[in-house]
There are 2 protein chains.
Amino acid sequence: MTPIYDRVALIGLGLIASSMFWAMKRGGLAGEVTGYARSAETRATARRIGLCDRVCDSAAEAVEGADLVVLCVPVGVMGAVAEEITGALKPGATLTDVGSVKRDVIASVGPHVPKGVHFIPAHPLAGTEHSGPESGFADLFQNRWCLLVPVEGTEPAAIARLRGLWEAMGSNVEEMDADHHDLVLAVTSHAPHLIAYTMVGVADDLRRVTDSEVIKYSAAGFRDFTRIAASDPTMWRDVFLTNKDATLEILGRFTEELFALQRAIRTGDGDHLHAYFTRTRAIRRSIIQAGQDTDAPDFGRSKKSP
Amino acid sequence: MTPIYDRVALIGLGLIASSMFWAMKRGGLAGEVTGYARSAETRATARRIGLCDRVCDSAAEAVEGADLVVLCVPVGVMGAVAEEITGALKPGATLTDVGSVKRDVIASVGPHVPKGVHFIPAHPLAGTEHSGPESGFADLFQNRWCLLVPVEGTEPAAIARLRGLWEAMGSNVEEMDADHHDLVLAVTSHAPHLIAYTMVGVADDLRRVTDSEVIKYSAAGFRDFTRIAASDPTMWRDVFLTNKDATLEILGRFTEELFALQRAIRTGDGDHLHAYFTRTRAIRRSIIQAGQDTDAPDFGRSKKSP
């Protein structure tokens with residue numbers, strides 16, 4: 001396959017960047033791929049495992065001559081990194097990112113984008129609870145959505161090229177505007193993550209149930225929460241701080257509903273509970289029909305040992 | 001293998017009962033297994049798929065002559081079912097249940113247990129989001145915990161025999177008292193389920209994000225919640241109504257913590273968020289070390305199609 005981009009630079013070498021590298025290499029989608037990470041330890045790991053064709057010691061060096069520059073750093077430092085590389089960006093290059101929040105990234109990166117560089121924010125909806133340069137794998141984006149959030153006036157050919165890369169890495173691509181993206185993600189990802197973090201923290205705090213009991217009896221339910229709550233702390237801190245409004249709005253709605261269900265429990269209103277649970281069950285069915293999950297009854301549990 | 005019980009009666013033929021049947025038959029752990037379900041449709045399904053050696057048309061008929069009677073009905077009707085079968089229980093038989101709540105089951109079933117019958121409440125911590133007679137499979141209890149909650153004065157030999165059955169079906173067995181059981185489960189299962197139900201309901205209610213978007217972009221996070229929120233509505237209504245105190249206590253603690261995290265988001269206190277998320281990540285590690293989950297990065301996701 002002819003490469004989609006001759007030179008790609010990955011800034012930040014965590015789960016997403018390393019998965020992009022392996023996916024691009026497997027598909028022959030990029031010529032040379034350079035990489036940079038702020039931590040010397042991460043750069044050393046990348047060199048050791050062959051992550052990137054060339055690991056550079058500065059972000060500017062990595063982006064030099066690149067046709068595509070991908071910012072794969074936590075949302076909170078996107079602006080600072082963009083400022084650092086702005087002088088090294090090649091005219092005609094595309095600058096993109098993989099951040100989970102889009103309005104804030106556009107506000108912080110946008111001002112540093114030189115004329116003649118195409119800035120196309122993106123967000124692959126893919127991840128695991130693992131992080132770091134060794135956590136990536138080429139299949140991460142397979143059958144997952146990638147949302148492109150182009151700013152007004154972006155050249156359609158540049159968007160089509162970036163879309164082509166994500167599709168070639170296995171993703172289904174859609175475009176939407178930044179505000180809508182941030183609200184959709186607040187519902188489907190950001191609020192659920194905060195809730196899972198909270199529940200795991202509560203369990204850990206409780207004095208009358210020991211940690212070892214919580215861990216031992218972490219049946220379905222809590223176990224799934226702990227998986228969500230094991231995601232990268234820095235990434236998620238930045239997500240909540242930068243998608244503050246939408247996340248707080250959804251959490252407000254959540255609290256209202258939770259109070260209504262708590263009241264139903266307190267007053268013994270079984271009909272209300274039953275109707276609510278019947279409705280949520282139907283939503284699950286739709287998700288399975290939409291192919292976003294499997295209904296296999298063991299759902300990966302069969303690999304476990306006692 | 002010599003059967004552990006010659007005659008077993010399963011009252012209620014859903015996920016747990018059907019899984020017990022297949023596990024007992026595979027292991028040769030029971031002689032004849034009879035079954036009863038209140039709904040004629042369920043009984044017909046059971047007969048069609050060969051679930052139980054004999055499907056009876058009344059609970060009393062099913063328990064006649066049984067050495068072990070297992071109540072596999074929703075917690076809210078345990079007492080009524082116990083009352084229905086009390087006259088048919090064989091002296092020396094063991095009566096047990098599989099309910100997710102223990103204090104309420106002991107209070108409602110206990111008064112109907114005749115002298116000479118061993119009543120040993122139990123709770124296998126195993127399940128899937130599916131329900132009904134066709135959802136069971138012999139491996140469901142493999143490497144899962146089963147908690148026995150014997151009431152005071154129960155004959156040790158009867159407890160040992162029931163423990164032997166659960167162990168032979170693949171479970172790890174522990175004993176604890178009812179109040180502690182109900183609190184531990186409120187933390188590890190009941191509160192997480194209510195929270196998941198709530199979040200899925202919120203997503204469904206939101207007008208500015210369409211249902212199809214919620215479903216389409218149900219990335220990790222929300223997707224896991226919908227799986228939890230797809231569990232049997234009747235079973236869960238009864239769990240919350242009968243484990244009211246412990247569930248409301250944990251939900252109260254949850255709300256407190258959630259408000260503290262919301263405040264940290266609102267005030268931009270990134271250090272608080274980062275420290276919290278780092279702590280919850282450590283808990284996840286402990287669970288993996290305890291063998292209660294796998295850390296495989298795709299966690300069953302690889303089977304999905306777009």
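Note that the coordinates shown come from a computational prediction; the quantities given were computed from them, not determined experimentally.

1. Some words on the overall build of chain A
In terms of helices and strands, chain A carries 12 helices and 9 strands. Over its C-alpha atoms chain A spans a radius of gyration of 21 Å, differing by no more than 12% from the 19 Å that the globule rule assigns to 306 residues. If you line up chain A on its principal axes, its C-alpha atoms span 65 × 45 × 35 Å.

2. So, the sheet that holds strand 1 (residues 5–11) of chain A
Residue and element names in this part refer to chain A. On the basis of which strands lie adjacent, the open sheet formed by 6 strands has the order 3-2-1-4-5-6 and parallel pairing. Two strands in the sheet have a free side with no partner beyond their single neighbour: strand 3 (54–55) and strand 6 (118–120). Bridge analysis of strand 4 (residues 68–71) against strand 5 (residues 94–97) gives 4 bridges, and the strand direction is parallel. Bridge pairing in strand 5 links L68 to T94. Against the sheet, helix 6 (residues 156–168) makes contact with strand 1, strand 5 and strand 6, and its axis sits at roughly 50° relative to strand 6, the strand it touches most.

3. Description of the sheet that holds strand 1 (residues 5–11) of chain B
Residues and elements named next belong to chain B. Spatially, 3-2-1-4-5-6 is the arrangement adopted by the 6 strands of the open sheet, whose pairing is parallel. Edge positions in the sheet fall to strand 3 (54–55) and strand 6 (118–120), since each has one partner strand and no second. Two elements, strand 2 (residues 30–36) and strand 3, share 2 bridges in a ladder whose sense is parallel. If you follow T34 over to strand 3, its bridge partner there is R54.

4. Observations regarding the relation of the copies chain A and chain B
For the pair chain A and chain B, the relating rotation is 180°, the translation along its axis is 0.0 Å, and the fit reaches an RMSD of 0.0 Å. Such values leave the two copies arranged in the relation of a two-fold axis. In this assembly, 99% of the residues forming the interface of chain A have copies in chain B that are likewise at the interface, indicating an isologous arrangement.

5. What about the nonpolar core?
Of all hydrophobic cores here, the largest spans 204 residues; its most connected members are A:L10, A:I11, A:V70, B:L10, B:I11 and B:V70. Here A:I11 is in contact with A:Y36, A:A59, A:A62, A:V69, A:V70, A:L71, A:C72, A:V73, A:V81 and A:I85, once residues within four sequence places are set aside.

6. What to know about helix 11 (residues 244–267) of chain A
Residue and element names in this part refer to chain A. Given a rise of 1.5 Å per residue, 24 residues ought to cover 34 Å, and the 34 Å separating the end C-alpha atoms of helix 11 matches this to within 8%. Within the sequence span of helix 11, burial applies to K244, A246, T247, I250, L251, F254, L258, L261, A264 and I265. Among the residues trailing helix 11, G268 stands out with phi positive, at a value near 75°.

7. As for the interface of chain A and chain B
Taken together, the contacts link 96 residues of chain A with 96 residues of chain B. Residue assignment for the side of chain A that touches chain B shows that the elements contributing at least two residues are helix 7 (178–205), helix 8 (211–216), helix 9 (222–228), helix 10 (233–242), helix 11 and helix 12 (270–289) of chain A. A per-class count over the side of chain A that touches chain B returns 48 nonpolar, 29 polar and 19 charged.

8. Overview of the environment of A:V151
All names here are of chain A. Checked against the element boundaries, V151 lands in the loop between strand 8 (145–148) and helix 6. The class of V151 is partly exposed, set by 15 C-beta atoms lying within 10 Å. It is 8.1 Å that separates the C-alpha atoms of V151 and I106, two residues lying 45 residues apart in sequence. Beyond its immediate sequence surroundings of up to four residues, V151 is in contact with I106, G110 and F119.

9. Here's the deal with unusual backbone geometry
Unlike most non-glycine residues, A:C52 shows phi in positive territory, near 85°. In this structure, A:C52 sits in the loop between helix 2 (40–49) and strand 3. A positive phi angle, near 65°, is found at B:N143, a position not held by glycine. Structurally, B:N143 can be placed in the loop between strand 7 (122–124) and strand 8 (145–148).

10. Focus on the domain arrangement of chain A
Often the size quoted for an interface is simply the accessible area lost on bringing the parts together. Residue and element names in this part refer to chain A. According to the domain assignment, chain A consists of domain 1 (5–176) and domain 2 (180–293). One C-alpha centre belongs to domain 1, the other to domain 2, and the line joining them spans 30 Å. On the side of domain 2, 16 residues touch domain 1, which itself brings 14 residues to the contact.

11. Quick notes on the packing of helix 7 of chain A against helix 11 of chain A
Residues and elements named next belong to chain A. At their nearest, the axes of helix 7 and helix 11 sit 9 Å apart, and the two run at 65° to each other. When the axes of helix 7 and helix 11 are compared, the crossing they make is right-handed. Facing D182, L183, A186, V187, H190, A191, L194 and I195 of helix 7, the residues of helix 11 in contact are A246, T247, I250, L251 and F254. Tallied by class, the residues present in the contact of helix 7 with helix 11 amount to 10 nonpolar, 2 polar and 1 charged.

12. Quick word on the pairing of strand 1 of chain B
Strand residues, when the strand is regular, have side chains that alternate between the two faces of the sheet. All names here are of chain B. For strand 1, a buried count of 6 out of 7 residues is recorded, marking the element as mostly surrounded by other parts of the structure. The sheet contact formed by strand 1 and strand 2 spans 6 bridges and is parallel. For V8, the partnering residue across the bridge sits in strand 2 and is V33. As for the winding sense of the linkage, the β-α-β connection from strand 1 through helix 1 (residues 15–27) to strand 2 is right-handed. One ladder, built from 4 bridges, connects strand 1 with strand 4 (residues 68–71); its direction is parallel. Bridge pairing in strand 4 links L10 to V70.

13. Considerations on the pairing of strand 8 of chain B
Residues and elements named next belong to chain B. Because side chains alternate across strand 8, one face comprises the buried residues W145 and L147, and the other comprises C146 and L148, equally buried. Where strand 7 lies against strand 8, 3 bridges are found, and the strand directions are antiparallel. Of the residues in strand 8, the one forming a bridge with H123 is L147. As paired strands, strand 8 and strand 9 (residues 172–175) are joined by 4 bridges and run parallel to one another. For L148, the partnering residue across the bridge sits in strand 9 and is E175. The β-α-β motif built from strand 8, the intervening helix 6 (residues 156–168) and the parallel element strand 9 has right-handed crossover chirality.

14. Description of the environment of A:V184
You can see A:V184 is positioned in helix 7. Each C-alpha atom of the pair A:V184 and A:A246 lies 8.8 Å from the other, and the pair is 62 residues apart in sequence. For A:V184, the contacting residues outside a window of four places in its chain are B:V209, B:E213 and B:Y217.

15. Section: the environment of A:C146
Residues and elements named next belong to chain A. If you trace the backbone, C146 turns up in strand 8. The sequence separation of C146 and E175 amounts to 29 residues, and the corresponding C-alpha distance is 8.6 Å. Those residues in contact with C146 that sit more than four places away from it in its chain are A122, H123, P124, L125, F141, W166, S171 and V173.

The rules behind each value
- Residues numbered from 1 in each chain as written.
- Chains lettered and ligands numbered in written order.
- Predicted model: local features only at pLDDT ≥ 70, side-chain atom pairs only at ≥ 80, totals over all residues.
- Helix = DSSP H or I, 4+ residues; strand = E, 2+ residues; numbered from the N terminus.
- Rg over C-alpha atoms; globule rule 2.2 N^0.38 Å.
- Pairing = 2+ DSSP bridges.
- Contact = placed C-beta atoms within 7 Å.
- Axes fitted to C-alpha atoms, helices over the stretch in contact; angles between N-to-C directions.
- Least-squares fit on C-alpha atoms with pLDDT ≥ 70 in both.
- Core = buried A, V, L, I, M, F, W, Y, C linked by C-beta atoms within 7 Å.
- Buried ≥ 20, exposed ≤ 12 C-beta atoms within 10 Å, placed from the backbone.
- Expected span 1.5 Å × (residues − 1).
- Nonpolar A, V, L, I, M, F, W, Y, C, P; charged D, E, K, R; others polar.
- Domains from an automatic or database assignment.
- Left-handed = near helix turned anticlockwise from the far one by under 90°.
- Right-handed = clockwise from strand over helix to strand, strands pointing away.

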